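# Examining the three-dimensional arrangement
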Amino acid sequence: MVLKRWKGSGRRRAVSAGVFGAALWLGVGGLFAAPPAQAATGGCPGRLVRTLPFPTGEVRVYKSRTQACAVTVAARPGERRRITVVVQPRGGVPVRDAGEFTRFAGPVVVGAVNRCVHVTGSVAAESVASGWILC
């Protein structure tokens, strides 16, 4: 029995295996890619402008062109405890998120075009207040 070898068939297999391997590599790479930017900011629009630390956590304050946003993050996530975040624009009504959470409270977003904001956050019995910022 004589086996016929078609010209280029090995090359075609190598190319198709390479294309398949590259597609598989890109597909698997998507599983381990960095999280979206919004996940990294806790869901807040804008850029991080202040971090207010306190013994049991920190409050992260973000600012975009039209909004101010805040998230309170526990220093030791895991156990369920009372976590709050409050943002009040000057001359406006405070907006809050509070509850029994394991990691963070928020995001809380308020309109802050040319307005100062007052931010308060707490984890368990410890808290922090910013005073009027982002003026």
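This section reports on the structure supplied with the text. Fair warning: this is a prediction, and the values are worked out from it, not measured in the lab. (Residues numbered from 1 in each chain as written. Predicted model: local features only at pLDDT ≥ 70, side-chain atom pairs only at ≥ 80, totals over all residues. Heavy atoms only, no water.)

### Details of the side chain of Lys63
Selection rule: A helix here means a DSSP run of H or I that spans at least four residues, while a strand means a run of E at least two residues long, and both kinds are numbered starting from the N terminus. Throughout, exposure labels follow a simple rule: accessible area from a 1.4 Å probe, protein chains only, divided by the maximum for the residue type, with under 20% read as buried, over 50% as exposed, and the rest as partly exposed. As used throughout, the charge tally considers Lys and Arg to be positive and Asp and Glu to be negative, leaving His and the chain termini uncounted. Any carboxyl oxygen of Asp or Glu that lies within 4 Å of a side-chain nitrogen of Lys or Arg is treated as forming a salt bridge with it. For this analysis, a polar contact is any N or O atom pair within 3.5 Å, provided that within protein one partner can donate a hydrogen and the other can accept it, and provided that sequence-adjacent residues contribute only side-chain to side-chain pairs.
Locating Lys63 in the fold gives a position in strand S2 (residues 57-63). Summary of buried charges: Lys63 has no salt-bridge partner, and the nearest side chain of opposite charge, Glu58, is 20 Å away. There is a polar contact of 3.1 Å between the side chain of Lys63 and the backbone oxygen of Ala112.

### What about unusual backbone geometry?
Between Gly106 and the following residue, Pro107, the backbone shows a cis peptide bond with an omega angle of 5°. Within the element layout of this structure, Pro107 appears in strand S6 (residues 104-111). At Ala124, a residue that is not glycine, the phi angle is positive and equals roughly 60°. Turning to its location among the elements, Ala124 is positioned in the loop between strand S7 (117-123) and strand S8 (126-133). Assessed through its relative accessible area of 46%, Ala124 is described here as partly exposed.

### Notes on the environment of Gly131
To keep things clear, this is the line we draw: Should any heavy atoms of two residues lie within 4.5 Å, those residues are considered in contact.
Relative to the elements of secondary structure, Gly131 occurs in strand S8. Separated by eleven residues in the primary sequence, Gly131 and Thr120 place their C-alpha atoms 8.5 Å from one another. Among residues more than four places away in sequence, those in contact with Gly131 are Val117, His118 and Val119.

### Considerations on the side chain of Thr84
Positionally, Thr84 belongs in strand S4 (residues 81-89). Separated by 2.5 Å, the side chains of Thr84 and Ser122 make a polar contact. Thr84 has contacts with Thr72, Asp97, Ala98, Ala105, Thr120, Gly121 and Ser122, leaving out every residue within four places of it along the chain.

### Observations concerning the state of the cysteines
Rules: Any two cysteine sulfur atoms lying within 2.5 Å of each other are counted as a disulfide.
Tallied over the full model, the rule gives two disulfides. Bridging Cys44 to Cys69, the disulfide has an S-S length of 1.9 Å. Here the disulfide of Cys44 and Cys69 is left-handed, its torsion about the S-S bond being about -65°. With a gap of 25 residues between them, Cys44 in the loop between helix H2 (37-40) and strand S1 (47-54) and Cys69 in strand S3 (residues 67-74) connect regions that are remote in the sequence. Judged on exposure class, the residue Cys44 and its partner Cys69 are both buried. Two residues share a disulfide in this structure: Cys116 and Cys135, whose sulfurs sit 2.0 Å from each other. What sets the handedness of the Cys116 and Cys135 disulfide is the S-S torsion sign, and at about 135° it is right-handed. Of the two residues, Cys116 is situated in the loop between S6 and S7 and Cys135 in the segment after S8; the sequence distance between them amounts to 19 residues. Cys116 gets classed as buried once you look at its relative accessible area, which sits at 10%. You can call Cys135 exposed: its relative accessible area is 73%.

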